[in-house]
Amino acid sequence: NAGVTQTPKFRILKIGQSMTLQCAQDMNHNYMYWYRQDPGMGLKLIYYSVGAGITDKGEVPNGYNVSRSTTEDFPLRLELAAPSQTSVYFCASSYTDRGYGYTFGSGTRLTVV
Amino acid sequence: DQQVKQNSPSLSVQEGRISILNCDYTNSMFDYFLWYKKYPAEGPTFLISISSIKDKNEDGRFTVFLNKSAKHLSLHIVPSQPGDSAVYFCAASDDSNYQLIWGAGTKLIIKP
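Along each chain, numbering runs from 1 in the same order as the chain's sequence is written. The order in which chains are written sets their letters, starting at A; the order in which ligands are written sets their numbers, starting at 1. Confidence filtering applies because this is a predicted model: local features only for residues at pLDDT of at least 70, side-chain atom pairs given and counted only at 80 or more, and all residues used for totals across whole chains, interfaces and linings. Only hydrogens and water are removed before side-chain values are computed, so all heavy atoms of the structure are retained for them.

A.B. asks: For this particular structure, what's the right way to read the overall build of chain A?
C.D. replies: Helix and strand assignments follow DSSP, with helices taken as H or I runs no shorter than four residues and strands as E runs no shorter than two, numbered in order from the N terminus. Of regular secondary structure, chain A possesses zero helices and 11 strands. Two things to know: the radius of gyration comes from C-alpha atoms, and the globule rule equals 2.2 Å times the number of residues to the power 0.38. Computed over C-alpha atoms, the radius of gyration of chain A comes to 13 Å, within 12% of the 13 Å expected from 2.2 N^0.38 for 113 residues, which places it in the range of a compact globule. Taking the principal axes of its C-alpha atoms as reference, chain A extends roughly 35 × 30 × 25 Å. Relative accessibility thresholds used throughout: buried, under 20% of the residue-type maximum; exposed, over 50%; partly exposed, between the two (1.4 Å probe, protein chains only). Put simply, chain A has 113 residues, and 47% of those count as buried. What makes two residues a contact is simply this: any of their non-hydrogen atoms within 4.5 Å. For chain A, the proportion of contacts with a sequence separation of at least 24, taken over those separated by at least 6, is 55%.

What follows is the structure in structure tokens.
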């Protein structure tokens, strides 16, 4: 049982480049989330989804886009990468929306130079 | 404006002793509180939670205490073990939206 799988684990982007962070879960969870964690800070919610075809903005959505065409996959797209997007990105999924059932991926460390 | 604050970036505790991690919040609408544990190069994992209708919740060596009047919660680990060395995040939510609000984390170091 893989849980939540994130790829890639590390990536260096140049300013202005684009990329997609992949997230897949095999637990048939309806709820999925993308967070970023900056050094010395808590996790900030970027986007979330309550089911296939439904997505919504979190606290820090600017510069990102998401899609949810299937229950399993929730990719995060960065367009025109900026140094401010240097961070560690975590994808999570859950049965419920109250947080105690979150399963996190191992994260993607992104550096924009 | 940080709604959830963990004021101690790190904490060092002797193996076998009690570890106490603290968390303060400002939003009185929060009604559910959680602690997550994170090892390096891994995602956070759920540890224990408490609803605002309770003031204590226990799970083995881990106990969370909630003081609503002080807007304060704490996580007690007794006895502390080497495998408890990790970063601990406090998070909170209310029932109006899906968003968890996270503290910045406390790095717990268990000394042999």
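A.B. asks: How should I be thinking about the pattern of salt bridges in this particular structure?
C.D. replies: When the charged atoms of two side chains with opposite charge come close together, those side chains can pair. Salt bridges are identified by distance alone: a Lys or Arg side-chain nitrogen within 4 Å of an Asp or Glu carboxyl oxygen. Inspection of every chain in the model, using the stated rule, returns six salt bridges over all chains. In this structure, the salt-bridge partner of R36 of chain A is D38 of chain A, at a minimum N-O distance of 2.8 Å. Accessibility expressed as a relative area gives 9% for R36 of chain A, which makes it buried. Given the relative accessible area of 24%, D38 of chain A is considered partly exposed. In this structure, the salt-bridge partner of D84 of chain B is R61 of chain B, at a minimum N-O distance of 2.8 Å. Placement of the pair is D84 of chain B in the loop between β8 (72-77) and β9 (86-93) and R61 of chain B in the loop between β6 (56-59) and β7 (62-67), with a sequence separation of 23 residues. Ionic contacts of the salt-bridge type, sharing partners, join the residues K37, R61 and D84 of chain B into one network.

A.B. asks: What exactly am I supposed to notice about the environment of L47 of chain B here?
C.D. replies: Residue and element names in this part refer to chain B. Locating L47 in the fold gives a position in strand β5 (residues 45-51). Note on L47: relative accessible area 15%, which makes it buried. In sequence terms L47 and A86 are 39 residues apart; their C-alpha atoms lie 12 Å from each other. With sequence-adjacent residues up to four places away left out, L47 is seen in contact with W35, Y36, D59, F62, L75 and Y88.

A.B. asks: Please clarify how the sheet that holds β7 of chain B should be interpreted in this entry.
C.D. replies: Each strand in a sheet pairs with its neighbour through backbone hydrogen bonds, running either in the same direction (parallel) or in the opposite one (antiparallel). Residue and element names in this part refer to chain B. Between any two strands, pairing holds if DSSP finds at least two bridges. Sheet architecture is open: five strands sit in the order β1-β3-β8-β7-β6, paired in antiparallel fashion. Edge positions in the sheet fall to β1 (4-5) and β6, since each has one partner strand and no second. As paired elements, β1 and strand β3 (residues 19-25) share two bridges and run antiparallel to each other. Pairing of V4 across the sheet is with Y25, part of β3.

A.B. asks: Can you walk me through the interface of chain B and chain A in this structure?
C.D. replies: Bring the parts together and some accessible area is lost; that lost area is often taken as the interface size. The interface of chain B with chain A comprises 21 residues on the first partner and 23 residues on the second. Accessible area that two parts lose when put together, with a 1.4 Å probe and added across both, is what the buried area reports. Each partner contributes to the roughly 1800 Å² buried at the junction of chain B and chain A, and carbon and sulfur atoms together form 59% of this total. Our count for the contact surface shared by chain B and chain A stands at zero salt bridges. Examining the composition of the side of chain B that touches chain A, we find that four residues originate from one element, strand β4 (residues 32-38) of chain B, more than from any other. Taken together, the residues of the side of chain B that touches chain A break down into 11 nonpolar, five polar and five charged. Asp, Glu, Lys and Arg are counted as charged, while Ala, Val, Leu, Ile, Met, Phe, Trp, Tyr, Cys and Pro are counted as nonpolar; the rest, among them Gly, fall into the polar class.

A.B. asks: Whenever I open this one, the state of the cysteines confuses me. Can you help?
C.D. replies: Working definition: the covalent bond between the sulfur atoms of two cysteines is a disulfide. Residues and elements named next belong to chain A. Here, the term disulfide refers to a pair of cysteine sulfur atoms separated by no more than 2.5 Å. Enumeration over the complete set of coordinates arrives at two disulfides over all chains. The side chain of C23 participates in a disulfide bridge whose partner is C91; the two sulfur atoms lie 1.8 Å from each other. When the S-S torsion is -70 degrees, as for the bridge of C23 with C91, the disulfide is left-handed. Highlighted residues: C23 in strand β3 (residues 19-25) and C91 in strand β9 (residues 87-94), separated in sequence by 68 residues. For the pair formed by C23 and C91, the shared burial category is buried.

A.B. asks: Honestly, the packing of aromatic side chains in this entry has me stumped. Any pointers?
C.D. replies: Two numbers describe a pair of aromatic rings. These are the distance of the centres and the angle of the planes. Aromatic rings from Phe, Tyr and Trp, taking only the six-membered ring of Trp, are treated as a pair when their centres fall within 6.5 Å; an angle between ring planes under 30 degrees marks them as stacked, one over 60 as edge-to-face, and anything in between as tilted. Scanning the model with the defined rule gives 15 aromatic pairs over all chains in all. Ring geometry for F104 of chain A against Y36 of chain B: centres 5.8 Å apart, planes inclined by 85 degrees, an arrangement best described as edge-to-face. With one member in each of two chains, F104 of chain A in strand β10 (residues 103-104) and Y36 of chain B in strand β4 form a pair that bridges those chains. Each member of the pair F104 of chain A and Y36 of chain B is classed as buried. Residues Y36 of chain B and W102 of chain B carry aromatic rings whose centres are separated by 5.1 Å and whose planes lie at 50 degrees to one another, so their mutual orientation is tilted. Of this pair, Y36 of chain B sits in strand β4 while W102 of chain B sits in strand β10 (residues 101-102), placing them 66 residues apart in sequence. Each member of the pair, Y36 of chain B as well as W102 of chain B, is classed as buried.

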